[in-house]
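Below are the chains, spelled out letter by letter.
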Amino acid sequence: MSPIVVMGVSGSGKSTVGAALAQRLRVPFADADDFHPPANIAKMTSGQPLNDEDRRPWLEAIGKWLAERGEHGGVMSCSALKRMYRDRLRRHCPDVEFVHLSGTPEVIGRRQASRPGHFMPASLLNSQFATLEPLEPDEKGVTIDVDQSIDAIVESYVTATE
């Protein structure tokens, strides 16, 4: 089983879906938020979006985690908004598969509003959508609409990959 990255903008449900998917597949789960250096968290908490240089060491750490999962699999929740970020992860783990949790700004905004205290403020949602580059046809993965239950999202993934 290839490692999986559950990707999407902040508030799309990456962590919740990733944990549920990992439980369903019986593989380890990790949240990319836990891989951010303190400087990145401070920057986001102050309302500043990260730049590509800020993300480089973070993506390297995530890529190494994915590579360590190897053929045994694992699920990582990670925004992976740009193709170049996903390419960096693939350099470490060429077989990684992506699950893009897709939704409208309105749906994601409602989800974000229900997460008080998260370090990614809702004010950065527009920058996340501006940065997002959806999966391209040559990228291994599926896109799933987030406007449904967690169980339905996990089942959509399992059905799509059978």
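Nothing here was measured: the structure is a model prediction, and the numbers come from that model.

Visitor: An account of the pattern of salt bridges is needed here, citing residue identities and associated values.
Guide: Applying the stated criterion across every chain, the model contains 13 salt bridges. Taking the shortest distance from any N to any O, the salt bridge between E155 and R24 comes out at 2.8 Å. Residue E155 is found in helix α7 (residues 150-160), and its partner R24 is found in helix α1 (residues 14-25); the two are separated by 131 residues along the sequence. Residue classification places E155 among the partly exposed positions, given a relative accessible area of 35%. In this structure, R56 and E53 form a salt bridge, with 3.2 Å as the shortest nitrogen-oxygen distance. Residue R56 and its partner E53 are located together in helix α3 (residues 52-69), separated by 3 residues, close to a single helical turn. Since its relative accessible area comes to 36%, R56 is described here as partly exposed.

Visitor: If you had to explain the pairing of strand β5 (residues 141-145) to someone new, which residues and values would you point to?
Guide: Covered by surrounding structure in β5 are V142 and I144 only, the residues G141, T143 and D145 on the alternate face being uncovered. For strand β4 (residues 97-102) and β5, the ladder comprises 5 bridges, and the chain directions are parallel. Within β5, the residue paired with L101 across the bridge is I144.

Visitor: Quick one: what's the story with the sheet that holds strand β2 (residues 29-31), residue by residue and with numbers?
Guide: Read from one edge to the other, the open sheet built from 5 strands follows the order β2-β3-β1-β4-β5, with strand pairing classed as parallel. Edge positions in the sheet fall to β2 and β5, since each has one partner strand and no second. Averaged over all neighbouring strand pairs, the angle between strand axes comes to 20°, with direction disregarded. By the bridge criterion, 3 bridges tie strand β1 (residues 4-7) to strand β3 (residues 75-77) in an arrangement that is parallel. By the bridge assignment, V5 is partnered in β3 with M76. Where α1 meets the sheet, its contacts fall on β1, β2, β3 and β4, and the angle it forms with β1 comes to roughly 150°.

Visitor: Go over the packing of α1 against α7 with me, naming the residues and quoting the values.
Guide: With their axes 10 Å apart at the nearest point, α1 and α7 run at an angle of 55° to one another. Judged by the angle between their axes, α1 and α7 are oblique. For the pair α1 and α7, the crossing hand works out as right-handed. Facing T16, V17, A20, L21, R24 and L25 of α1, the residues of α7 in contact are I150, I153, V154, E155, Y157 and V158. Here the residues of the contact of α1 with α7 are counted per class, giving 9 nonpolar, 1 polar and 2 charged.

Visitor: Which residues make up the packing of aromatic side chains, and what values do they have?
Guide: What the rule picks out here adds up to 0 aromatic pairs. For R69, the ring lying beneath its charged end belongs to W65, and the centroid distance is 4.3 Å.

Conventions used here
Positions within a chain are numbered from 1, following the residues in the order the chain's sequence is written. Totals for whole chains, interfaces and linings use all residues, but because this is a predicted model, local features are given only for residues with pLDDT of at least 70 and pairs of side-chain atoms are given and counted only at 80 or more. Only hydrogens and water are set aside; all other atoms, that is, all heavy atoms of the structure, feed into the side-chain values. Salt bridges are defined as contacts in which a side-chain nitrogen from Lys or Arg sits within 4 Å of a carboxyl oxygen from Asp or Glu. Think of it this way: any DSSP run of H or I at least four residues long counts as a helix, any run of E at least two long counts as a strand, and we number them from the N terminus. Only protein chains enter the area calculation, which uses a 1.4 Å probe; residues under 20% of their type maximum are buried, those over 50% are exposed, and those in between are partly exposed. Pairing between two strands is assigned when DSSP locates at least 2 bridges connecting them. The convention used is that axes are lines fitted to C-alpha atoms, helices contributing only their stretch in contact, and that angles between N-to-C directions extend from 0 to 180 degrees. Any two residues whose heavy atoms approach within 4.5 Å are treated as being in contact. Reported orientations rely on four angle classes, namely roughly parallel under 35 degrees, roughly antiparallel over 145, roughly perpendicular from 65 to 115, and oblique for the rest. Here is the rule for handedness: rotate from the far helix to the near one, and if that takes an anticlockwise turn smaller than a right angle the crossing is left-handed, while a clockwise turn gives right-handed. Charged residues are taken to be Asp, Glu, Lys and Arg, nonpolar residues to be Ala, Val, Leu, Ile, Met, Phe, Trp, Tyr, Cys and Pro, and polar residues to be all remaining types, Gly included. We call Phe, Tyr and Trp rings a pair once their centres come within 6.5 Å, taking the six-membered ring for Trp, and we label the pair stacked below 30 degrees between planes, edge-to-face above 60, and tilted otherwise. Geometrically, a charge over a ring is one whose NZ (Lys) or CZ (Arg) sits within 6 Å of the ring centre while staying within 35 degrees of the ring normal.

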